[in-house]
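Residues per chain, in single letters:
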Amino acid sequence: MSLLNDLATQLASGEVQVVDLTHTLDPDFPVIILPPEFGQCARFRMEEISAYDHRGPAWKWHNLTLSEHTGTHFDAPAHWISGRDLPNNSVDEIDPSQFVGPVVVIDCSKGAAQDEDYELTPEFITAWEGEHGRIPEDAWVLMRTDWSKKSGAEYLNMREDGAHSPGPTPEGILFLINARKIRGFGTETVGTDAGQGSHYSPPYPAHFYLHGAGKFGLQCLANLDQLPPTGAILMAAPLKIKNGTGSPLRVMALVPAPETRTTR
Ligand code: 23J
Ligand code: MN
């Protein structure tokens, strides 16, 4: 197994680096707000059980309250009605081999800076491939928008007509699923869909088509500007919640140190 020995050596030397793509779980981090007729996601909460005091003289610990879809989190096929009857569709049933794999990053940050409703299209994806090569099968595809640099009200960007944030068009997500056979799709925003994604038919097309095809989602990612367009390995293992539809998690990428990167 010289491959893993080499990896260990390169991790130790810094030739391979670990990039954290996770936001801190914090009660102030925004959660998705759905139209008022629907049930709502709870924010993260932390309650002190003891802090080296009369409640526990030598120990400190907390009870947590959180939604499956709080903070940086994973979406399983069971999250959506289109994936309801698929086998192994909940986080506890997904084969762990799915939690480590190749990742490509499509940089949409210029478009998203100019248009808060910026959409990723098949045309933009094939233009990206012209520069970086074809998206490999069974890869994670991450949509970089630099949205993770926003905070407070700007992050959800709610207005009278709902949220305004970038995402894929239905054609864009269908292209990734059917023509590129991706493993999953991840974003820096609060959903894999655009803020205005409820207006499509079907509503929330990224959720509908990804999960109907047994694919996964990642949301509220950070630090995508620290990843190369190709050549990194993503590690994203959700909590093993029985029948869970998703889970907060630590998402990390193994990347070659910037000075060792070669362009295609
Ligand atoms: C429920 C309904 C709509 C959406 C979502 C959840 C999410 O974005 C989510 O966290 O999966 S769009
Ligand atoms: Mn989710």
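In what follows, the accompanying structure is described.

Rules used in this analysis
- Residues numbered from 1 in each chain as written.
- Chains lettered and ligands numbered in written order.
- Predicted model: local features only at pLDDT ≥ 70, side-chain atom pairs only at ≥ 80, totals over all residues.
- Heavy atoms only, no water.
- Patch = residues over 30% accessible without salt bridge, like charges linked within 9 Å, V, L, I, M, F, W, Y side chains within 5 Å.
- Areas by Shrake-Rupley, 256 points an atom, 1.4 Å probe, with all protein chains shown as cover.
- Salt bridge = Lys/Arg side-chain N within 4 Å of Asp/Glu carboxyl O.
- Helix = DSSP H or I, 4+ residues; strand = E, 2+ residues; numbered from the N terminus.
- Buried < 20%, exposed > 50% of the residue type's maximum accessible area, 1.4 Å probe, protein only.
- Donors = N, O, S within 2.8 Å, 3.2 Å for Na, K, Ca; no water.
- Tetrahedral: all angles 85-135°; square planar, octahedral: opposite > 155°, others 65-115°.
- Core = buried A, V, L, I, M, F, W, Y, C linked by side-chain atoms within 4.5 Å.
- Contact = heavy atoms within 4.5 Å.

### What to know about a nonpolar patch on the surface
- A contiguous nonpolar patch, built from Leu 25, Met 46, Leu 64 and Leu 66 and spanning about 350 Å² of accessible area, is present on the exposed surface.
- If you trace the backbone, Leu 64 turns up in strand S3 (residues 56–65).
- Classification of Leu 64 by relative accessible area gives partly exposed; the value is 49%.

### Observations regarding the coordination of the manganese ion (ligand 2)
- Distances from the manganese ion (ligand 2) to its protein donors, His 69 (ND1), His 73 (NE2), Asp 75 (OD) and Gln 219 (OE1), fall within 2.1 to 2.6 Å.
- Around the manganese ion (ligand 2), the 6 donor atoms sit at angles spanning 57 to 178 degrees, and that spread fits a shape best called irregular.
- Spacing between the donor residues of the manganese ion (ligand 2) along their common chain follows H-x3-H-x1-D-x143-Q. Of this pair, Asp 75 sits in strand S4 (residues 73–75) while Gln 219 sits in strand S12 (residues 216–219), placing them 144 residues apart in sequence.
- Residue Gln 219 is classed as buried on the basis of its relative accessible area, which comes to 3%.

### Focus: the nonpolar core
- Of all hydrophobic cores here, the largest spans 23 residues; its most connected members are Leu 21, Phe 74, Leu 142, Leu 218, Leu 227, Leu 234 and Val 251.
- For this core, the secondary-structure elements that each account for two or more residues are strand S5 (100–107), strand S7 (140–144), S12, strand S13 (232–236) and strand S15 (251–256).
- Sequence-distant contacts of Leu 218, defined by excluding residues within four places in its chain, comprise His 73, Phe 74, Trp 140, Phe 185, Gly 186, Thr 187, Thr 192, Leu 234, Ala 236, Leu 249 and Val 251.
- Within the second largest apolar cluster, 19 residues are counted, among which are Val 104, Ala 112, Ile 135 and Ile 177.

The values are spatial; any link to function lies outside them.
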